[in-house]
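# Architecture at a glance
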Amino acid sequence: MPNSCEPNQLQMKLFKKLRKEAAVPTSSNDQFFADLREKDFSRLEKGGHTYLDFTGGNLYAESQIEQHMNFLKKEVYGNPHSVNPTSMQSTRAVEETRKAILEYFRATEDYICVFTANASNALKIVGECYPFDQKGHFMLLSDNHNSVNGIREFCLHGGGSFEYIPIRTDNLGIDESTMNAMLKAQPEKKNKLFAFPAQSNVSGIKHSLDWIKKANAEGWDVLLDAAAFVPSSRLDLSVYKPDFVSVSFYKIFGYPTGLGCLFIHKNKFHKLRKPWFAGGTVSLVTVKYPDYFLAEGHERFEDGTLNYLDIPALKIGLDYIKNIGIERISDRVSEITAYLIQELKKLKHSNGHDLVQIFGPKDLKKRGGTVIFNVFDQDGKVYPFYKLEEEAAEKMLSLRTGCFCNPGIDETNHCLTAEELSRYFIDKTEINYMNVLQFMETLRGAVRVSVGYISNREDIDKLIQFLLKYKDISLKNGQESQVA
Ligand SMILES: Cc1ncc(COP(=O)(O)O)c(C=O)c1O
């Protein structure tokens, strides 16, 4: 029987039965978030969307946009690099926002907040300016976004070396004893940078923030990529004090895009060596005598004109999150994630085989709202993720598939070795993803579903209902069929 996109009657009956058995109770938060969704996110329902890509980008509340439009309408804002009245207006708004951000992260005492285009740009500043030389060393988890992985190129160009801490295949976590040994293993290196994500953008694991102190004690500077963590967790920089922290704001409150920040610990400000200067970053530069002085504060790393019209919208976004409360957001994301995992685990074929395999932690311990999995046929053959994404799109389901800019997790999940991977690179000057899949003779990639504070159980139900279309599917001989 051809596999149709509409769930058949049997699937619907099963779905309703599973729903009845759902053990997760509704919470007092339900009404609060239902009201918020109706008031500020009604476009989801109006457009028939099921949005499950919160790690990709959060959604903005409609009231944020209205407030920002009012802000823009009521005043005249000029380029901030001046003391004229319109320029000062912009400077005031930008600096108020910077202050609010430092306060939100409890970073006012110890950190400088540099506005960037996004988290990747914050990471690039660290990579470009960290003094990687022949004694330099970069150590990072195999679970990192490519914008962290890419820093290894700056390190290599400076003459330094890099190494990865492996991920455990069973739960995609890190073996702490291996990590501890690796942290101790480079006593002769001088400029050592250790980078890890506070939360994995793929497995959703929250890595331990206690590693910061541990690594500092062994002489490492620590770069914490907080991009996937801060949308649903409190990062208190008065308690945990990494040397550098990267953030993208649209991941926290959806609007505006194109803005992030880099927190630089004041003690490490002078360790970063900016290799050039640009407008706005210098206190003095001359042409006839080729020298310059860089600015002494955040200006040093803010090249050219800041996005001064959008930056004030960050304060509006932060206020929105503060009004809900980040702890309440954390609880809500945990609740919905618990429901998601519970419902995914229930999906079985009639022969008892799992329809879905979740990678990484299958419980709520130290994890955020990001879950990855693959769908399997009744004989355990993996269903192509790219087809699944197309079929999900037909149902207005926004989820992600592939390897999510984090190849380390994917390589671990599919047990790919360095030797296998190296064969691909030899003789190749350009590639495309499908070509890689064919070459590996194994399906790489997975499906990623991520929830946010505005997600609800109905979103998860719609996902489950969609996944039930794969129940009893068989991919024998490359053909797709379904046992009636
Ligand atoms: C953990 C993590 N780091 C870095 C990034 C890069 O963020 P951006 O694309 O906003 O620069 C992402 C984006 O998904 C991420 O999840």
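Residues numbered from 1 in each chain as written. Predicted model: local features only at pLDDT ≥ 70, side-chain atom pairs only at ≥ 80, totals over all residues.

## Quick notes on the overall build of the protein chain
A count of helices and strands for the protein chain gives 18 helices and 17 strands. Computed over the C-alpha atoms, the radius of gyration of the protein chain is 24 Å, within 12% of the 23 Å expected from 2.2 N^0.38 for a compact globule of 484 residues. Principal axes of the C-alpha set define a box for the protein chain whose edges measure 80 × 55 × 40 Å. For the protein chain, the proportion of its 484 residues judged to be buried stands at 40%. Expressed as a percentage of contacts within the protein chain between residues at least 6 apart in sequence, the contacts between residues at least 24 apart total 73%. (Helix = DSSP H or I, 4+ residues; strand = E, 2+ residues; numbered from the N terminus. Rg over C-alpha atoms; globule rule 2.2 N^0.38 Å. Buried ≥ 20, exposed ≤ 12 C-beta atoms within 10 Å, placed from the backbone. Contact = placed C-beta atoms within 7 Å.)

## As for the sheet that holds strand β11 (residues 356-359)
If you trace the four strands from one edge of the open sheet to the other, you get β11-β12-β15-β14, paired in antiparallel fashion. Unpaired on one side and paired on the other, β11 and β14 (400-402) mark the two borders of the sheet. Each neighbouring strand pair of the sheet contributes to a mean axis angle of 35°, computed without reference to strand direction. Direction of pairing for strand β12 (residues 370-375) relative to strand β15 (residues 446-450): antiparallel, over a ladder of four bridges. The partner of I372 across the bridge, within β15, is R448. Where helix α13 (residues 326-346) meets the sheet, it contacts β11, β12 and β15, and its direction lies at approximately 15° from that of β12. (Pairing = 2+ DSSP bridges. Axes fitted to C-alpha atoms, helices over the stretch in contact; angles between N-to-C directions.)

## Considering the environment of V382
Assignment of secondary structure puts V382 in the loop between β12 and α14 (385-394). Residue classification places V382 among the partly exposed residues on the basis of 16 C-beta atoms within 10 Å. When the C-alpha atoms of V382 and R448 are compared, they prove to be 15 Å apart, with 66 residues separating the residues in sequence.

## What to know about the site of the ligand
For the ligand, the full set of nearby residues is T55, N118, A119, S120, H145, S147, P197, N201, D225, A227, A228 and S248. Tallied by class, the residues present in the shell around the ligand amount to four nonpolar, seven polar and one charged. (Near = placed C-beta within 6 Å. Nonpolar A, V, L, I, M, F, W, Y, C, P; charged D, E, K, R; others polar.)

## Structural notes on the domain arrangement of the protein chain
How big an interface is tends to be expressed through the accessible area that disappears when the partners come together. Domain annotation of the protein chain identifies domain 1 (9-59 + 325-403 + 445-482) and domain 2 (75-323). Listed by partner, the interface residues are 23 residues for domain 1 and 21 residues for domain 2. Broken down by secondary-structure element, the contributors of at least two residues to the side of domain 1 that touches domain 2 are α13 and β12. Counting residues per element, the side of domain 1 that touches domain 2 draws most heavily on α13, which supplies five residues. Residues of the side of domain 1 that touches domain 2, tallied by class, amount to ten nonpolar, nine polar and four charged. (Domains from an automatic or database assignment.)

## So, unusual backbone geometry
A negative phi angle characterises most non-glycine residues, just as the trans form characterises most peptide bonds. Cis geometry marks the peptide bond from Y255 to P256; its omega dihedral reads 0°. Summarising the element assignment, P256 is placed in the loop between α11 (250-253) and β8 (260-265). A positive phi angle, near 60°, is found at M396, a position not held by glycine. Positionally, M396 belongs in the loop between α14 and β13 (397-398). Its identity as a non-glycine residue notwithstanding, C415 has a phi of 50°, on the positive side. By secondary structure assignment, the location of C415 is in the loop between α15 (407-413) and α16 (418-425).

## Quick word on the nonpolar core
Ranked by internal contacts, the top residues of the largest apolar core, which has 122 residues, are L262 and F263. Of the domains in this structure, domain 1 (9-59 + 325-403 + 445-482) and domain 2 (75-323) are the two that each give at least three residues to this core. Non-local contacts of F263, meaning those with residues more than four positions away in its chain, are made with F105, A107, Y111, C113, L237, F244 and V245. (Core = buried A, V, L, I, M, F, W, Y, C linked by C-beta atoms within 7 Å.)

## Digging into the confidence of the model for the protein chain
Overall, the predicted model of the protein chain reaches an average pLDDT of 92, with 92% of residues at or above 70. Between residues 1-8, whose pLDDT stays under 50, and residues either more than four places distant or in other chains, the model counts 15 contacts. Confidence drops under a pLDDT of 50 for residues 18-25, and excluding neighbours within four residues, the segment shows six contacts in the predicted structure. (pLDDT = per-residue confidence, 0-100.)

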